[in-house]
Each structure stands twice: as C-alpha cells, then as structure tokens.
Amino acid sequence: SQKIEQNSEALNIQEGKTATLTCNYTNYSPAYLQWYRQDPGRGPVFLLLIRENEKEKRKERLKVTFDTTLKQSLFHITASQPADSATYLCASRGTGRRALTFGSGTRLQVQP
Amino acid sequence: DVKVTQSSRYLVKRTGEKVFLECVQDMDHENMFWYRQDPGLGLRLIYFSYDVKMKEKGDIPEGYSVSREKKERFSLILESASTNQTSMYLCASTLTPGGGTEAFFGQGTRLTVV
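To start, this report covers the structure provided alongside it.

So, how was this worked out
Residues numbered from 1 in each chain as written. Chains lettered and ligands numbered in written order. Predicted model: local features only at pLDDT ≥ 70, side-chain atom pairs only at ≥ 80, totals over all residues. Heavy atoms only, no water. Pairing = 2+ DSSP bridges. Helix = DSSP H or I, 4+ residues; strand = E, 2+ residues; numbered from the N terminus. Axes fitted to C-alpha atoms, helices over the stretch in contact; angles between N-to-C directions. 1 Å grid on protein atoms, 1.4 Å probe; cavity = no way out; pocket = protein on both sides within 12 Å on 5 of 7 lines; lining within 4 Å. Points joined across faces, edges and corners; volume = space filled by probe spheres on them. Nonpolar A, V, L, I, M, F, W, Y, C, P; charged D, E, K, R; others polar. Phe/Tyr/Trp six-rings, centres within 6.5 Å; stacked < 30°, edge-to-face > 60°. Lys NZ or Arg CZ within 6 Å of the ring centre and 35° of its normal. Core = buried A, V, L, I, M, F, W, Y, C linked by side-chain atoms within 4.5 Å. Buried < 20%, exposed > 50% of the residue type's maximum accessible area, 1.4 Å probe, protein only.

## Quick word on the pairing of strand S8 (residues 72-77) of chain A
Residues and elements named next belong to chain A. In the sheet, strand S3 (residues 19-26) pairs with S8 via 6 bridges, with the strands oriented antiparallel. Across the sheet, the residue bridging to Asn24 is Gln72, located in S8. The pairing of strand S7 (residues 62-67) with S8 spans 6 bridges and is antiparallel. Bridging from a neighbouring strand, Leu62 pairs with Ile77 of S8.

Take a look at the structure:
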C-alpha cells in the first residue's frame, strides 16, 4: 500500500543549528511533495511545495529537497530559532487519489 | 485575511447526538476536505468534495456523512456521535484536486464526545 512516513520521534536541537527532517514515501511516485507547519491546537499552514523535477527549493531559511531515487524529501531549517518549534508535516497525493495524504509529522523543539 | 473558517473551536457532545461541523472558505475553491487528527495517527481523510453536491469517501468515512449545498460551505455530520469520534477535526480547501497547489486549513474543531 502507498505510504508516506516521517520520524515520529521529536527532534531537539540548539538555537542557531540546522534542523533536518525526513519524509519517506513507498509504493508510489508523487509528482509533488508539500511541507506544512502545525502549532499546537491549530490547523496546518503551508510552507513549501517541490515538484519531482526539482531537486531543491528554498524560501528564506527553509530548504526542501526531493530525491526520487531514495524516495525521500528532506526539510531543512537553517539558523533555527525557538519560534521554529512546531510539528512539521509532509504531504503528497497518492496515485489514483484526489486528496493529499499526510505523514504523521515530526515535532521540532529548538532550545534557546 | 481569514480564508477557511470552522464554526467552532471546541465542542462537547453526548454519545448518540447528531453533530454538525461547518466549514466555510472564501477563496472560491472547488475542492474541500475533512480530516481528523489523532496523536500518533496523523491526519486521516474522512470525506472530500470536488464540486457542489459531489462527494467522495476518504479513508475513514464510517460514522460520518457530508453535505455540500453551496460551493463555499462543506459540512461534516456525525450521525450518532460515539466516544471514539473524540478528535481534532480539520477542514481544508484547495484550488486543484491534486497535490500541485497548497491546502488551506481551518483552525480546527476539538470535539469531545462524552
């Protein structure tokens, strides 16, 4: 079955370091991958979209990569700040589906 | 700047009640979705709609129904609420049905069934 998976363990890093979050997919080949931020008790907010023919996408301190060989997307936050603490979700549309499927999210905690 | 609005942030209902969750978007999107989110399980798709009066089941439709009478409004109905439907419910809309455009989410409704 098609799956999109993220490391469910929380990631704790020091302020100023680069946070790297992983999203893996299996048994399908998405044309796009999306990343969202979710704060406690709130709805997810869109951050970045990357297409299968794009290796890398940047937005300010955020960078996303898409490796179709490894079936993986990496999400980086450089110069991390405590305000970056949140849960980050990856999402894509599975083959034959009309709606986005989401990973379970990785909680990032940036320590001051 | 509010784009997707859910009618309630918090709801407490009794077992067996019929519950209505309302969602309105102001972006003229054709595609609207209802997800539920539970710890460790992520977002799971309940139902979605790609046009007025059109709907499709998602991954966990049992115990739910939906209504889309107007383009901007998508309602989730719990026919007879049960305690295992206690969850965070999230409504979303997109311009296109695929994964090529971003999803806009509402603020979520935390439903507790007692």
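Next, the rest of the story.
## Remarks on the sheet that holds S7(A)
Residues and elements named next belong to chain A. The strand order S1-S3-S8-S7-S6 describes an open sheet built from 5 strands, whose pairing is antiparallel. With one partner strand each, in any of the chains shown, strand S1 (3-6) and strand S6 (56-59) form the two edges of the open sheet. Strand-to-strand twist in this sheet, taken as the mean axis angle between neighbours without regard to direction, amounts to 15 degrees. When S1 meets S3, the two strands line up antiparallel, connected through 4 bridges. In the sheet register, Gln6 faces S3, and the bridge partner there is Cys23.

## Digging into the layout of surface pockets
By rolling a water-sized probe across the atoms, one finds the places where empty space is left. For the largest pocket, the calculated volume is near 490 Å³. Along the wall of the largest pocket there are 24 residues; nearest its centre are A:Gln38, A:Thr87, A:Ser104, B:Gln37 and B:Pro39. The biggest single contributor to the lining of the largest pocket is strand S11 (residues 106-111) of chain A, with 4 residues. Residue composition of the lining of the largest pocket, grouped by class: 7 nonpolar, 12 polar and 5 charged.

## As for the packing of aromatic side chains
Overall, the coordinates contain 13 aromatic pairs over all chains when judged by the stated rule. A connected cluster of aromatic rings, assembled from ring pairs, spans A:Tyr36, A:Phe46, A:Phe102, B:Phe33, B:Tyr35, B:Phe48 and B:Phe105. Above the face of the B:Tyr50 ring, A:Arg98 is positioned so that its terminal group lies 4.2 Å from the ring centre.

## Details of the sheet that holds strand S8 (residues 73-78) of chain B
Residues and elements named next belong to chain B. If you walk across this open sheet you meet the 4 strands as S1-S3-S8-S7, and the pairing is antiparallel. Each having just a single partner strand, strand S1 (4-6) and strand S7 (64-70) make up the two edges of the open sheet. Strand after strand, the sheet turns through a mean of 20 degrees between neighbouring axes, direction not considered.

## Let's talk about the nonpolar core
Membership of the largest hydrophobic core comes to 22 residues, with the highest contact counts inside it found for A:Leu33, A:Trp35, A:Phe75, A:Ile77, A:Tyr88 and A:Leu108. Those elements giving two or more residues to this core turn out to be S3, strand S4 (32-38), strand S5 (45-51), S7, S8, strand S9 (86-93) and S11 of chain A. Among the elements that line this core, the one with the most residues is S3(A), at 4 residues. Counting residues in each nonpolar core, the second largest holds 21 residues, with B:Met32, B:Leu76, B:Cys91 and B:Val113 among its members.

## Structural notes on unusual backbone geometry
Phi is mostly negative for residues that are not glycine, and the peptide bonds are mostly trans. All names here are of chain A. If you check the backbone angles, Asn27 has positive phi at about 70 degrees while not being a glycine. Mapped onto the elements, Asn27 comes out in the loop between S3 and S4. A relative accessible area of 58% means that Asn27 is categorised as exposed. You will see that Lys71, though not glycine, has its phi angle at about 60 degrees, which is positive. Along the chain, the position of Lys71 falls in the loop between S7 and S8. By relative accessible area, Lys71 is classed as partly exposed at 28%.

The values are spatial; any link to function lies outside them.
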